[in-house]
Amino acid sequence: MKRIAVFTSGGDAPGMNACIRAVVRGAVYHGVEVFGIRKGYNGMIAGDMFQMSSHSVSNIVQRGGTILKSARSKEFMTPEGRKKAYEALKEHGIEGLIAIGGNGTFTGAMIFQKEYGIPTVGAPGTIDNDLYGTDYTIGFDTAVNTALDAIDRIRDTASSHDRIFFIEVMGRDSGYIAIQSGIAGGAELVMVPEVLTPISEVIETLQQGWKRSKSSSIVVVAEGDEEGNAAQVADKIKRQVEGDVDIRVTTLGHTQRGGTPSAQDRILASRLGLGALEGLLAGQKNVMAGIINNELVYTPFEDTIRLPKPINEDLLRMVKILSI
Ligand code: F6P
């Protein structure tokens, strides 16, 4: 393989730049030419790509976001879009791809590989940590710490005013950010999409706290929770609880996606970037590089997409015990 390309796609995640850096420097080390594709699959379709050197990735290991920019491409979901992408890659002599992203990114890569046979290796970049085939994804640790910082701040004001706060964290289908930030932030309850916590249980937990003279409470809600987002959950509680309860809602939203990547994310991103690159050069294709039990592993895209990554339900039990 003489020339490869790297791109970032889907929601950005802190550490993506460290991953790009590892891919580019790894390629330079192994004597392979490397191109950067801008704006994910949209850039691939438009032929928006440029040759990178070791210098192109100087001074980015500490930066959040992605220097290659990202997009969720609708056009790549169409056969016409993928044909254009293939033609652009052929024109630039690209023989292999490194895709940094999440589920949607790898679904696209898998279909593309089946249609056009360009070998692709993925690196898991998403704050959600919802990919089977790796213990952690790039950006998750930073997002948890960002959420935690906000929870700590909210705890101060919650306690000053004797209020209940519902704090919404990201996670459309996954409760990883909610669980980790909830445990570290000492939340009274964590609500996640994977396990239904009925409103009656939320009320009961809050009431038990009041009986023990708790004057403020924090409930962390993953955005994709079955009872609704934090505002909807808070509304239901207000309607069902008698008496005067002072409730506030904070949605952390995209603050969790930005910011300086943590040391852990930079290290993970570096290992996965180099791992993906060296896998591709060694003949791997249609797989995602991941780290499981501190070992580099490659998992077929099909499995990373199809297989669920279950949360540890015992951690939810722990939240309840420790908030007594
Ligand atoms: O996939 C990462 C994620 O941050 C989800 O947790 C969230 O639901 C989604 O992206 C938001 O996407 P967008 O930036 O397109 O609104």
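See the structure printed just above.
Helix length check: helix H1 (residues 16-29) (14 residues) gives 20 Å between terminal C-alpha atoms against 20 Å at 1.5 Å per residue, within 8%. Of all 14 residues in H1, 10 are buried, a share of seventy percent or more. Along H1, the residues classified as buried are Met16, Asn17, Ala18, Cys19, Ile20, Ala22, Val23, Val24, Gly26 and Ala27. Structurally, H1 contributes buried residues whose contacts are with strand S1 (3-8), strand S2 (33-37), strand S3 (49-52), strand S4 (96-101), strand S5 (120-124) and helix H9 (263-281).

Turning next to the packing of aromatic side chains. Geometrically, a pair of aromatic rings is defined through the distance of the ring centres and the angle of the planes. Taken as a whole, this structure holds 8 aromatic pairs when the rule is applied. Measuring from centroid to centroid gives 5.3 Å for Phe76 and Phe112, while their planes differ by 55 degrees, and the two rings are tilted. Taken together, the residues span a long stretch of sequence, with Phe76 in the loop between S3 and helix H3 (79-91) and Phe112 in helix H4 (residues 103-116) at a distance of 36 residues. Here a set of aromatic residues connected by ring pairs shows up, and it is made of Phe7, Tyr41, Phe76, Tyr86, Phe112 and Tyr116. Taking NZ or CZ as reference, Lys309 lies 5.4 Å from the ring centre of Tyr176, over its face.

Moving residue by residue along a regular strand, the side chains alternate between the two faces of the sheet. Counting buried residues in strand S8 (residues 217-222) gives 6 out of 6 residues, a clear majority hidden from the surface. Taking every second residue as pointing to the same face, both faces of S8 are buried, with Ser217, Val219 and Val221 on one and Ile218, Val220 and Ala222 on the other. As paired elements, strand S6 (residues 164-169) and S8 share 6 bridges and run parallel to each other. Residue pairing in the sheet places Ile164 in a bridge with Ser217 of S8. Sheet topology note: the strand S7 (residues 189-191)/S8 ladder contains 3 bridges and is parallel. Directly across from Met191, in S8, lies its bridge partner Val221. Handedness of the crossover joining S7 and S8 through helix H7 (residues 199-211) is recorded here as right-handed.

Reading the values: rules and limits
Residues numbered from 1 in each chain as written. Predicted model: local features only at pLDDT ≥ 70, side-chain atom pairs only at ≥ 80, totals over all residues. Heavy atoms only, no water. Helix = DSSP H or I, 4+ residues; strand = E, 2+ residues; numbered from the N terminus. Expected span 1.5 Å × (residues − 1). Buried < 20%, exposed > 50% of the residue type's maximum accessible area, 1.4 Å probe, protein only. Contact = heavy atoms within 4.5 Å. Phe/Tyr/Trp six-rings, centres within 6.5 Å; stacked < 30°, edge-to-face > 60°. Lys NZ or Arg CZ within 6 Å of the ring centre and 35° of its normal. Pairing = 2+ DSSP bridges. Right-handed = clockwise from strand over helix to strand, strands pointing away.

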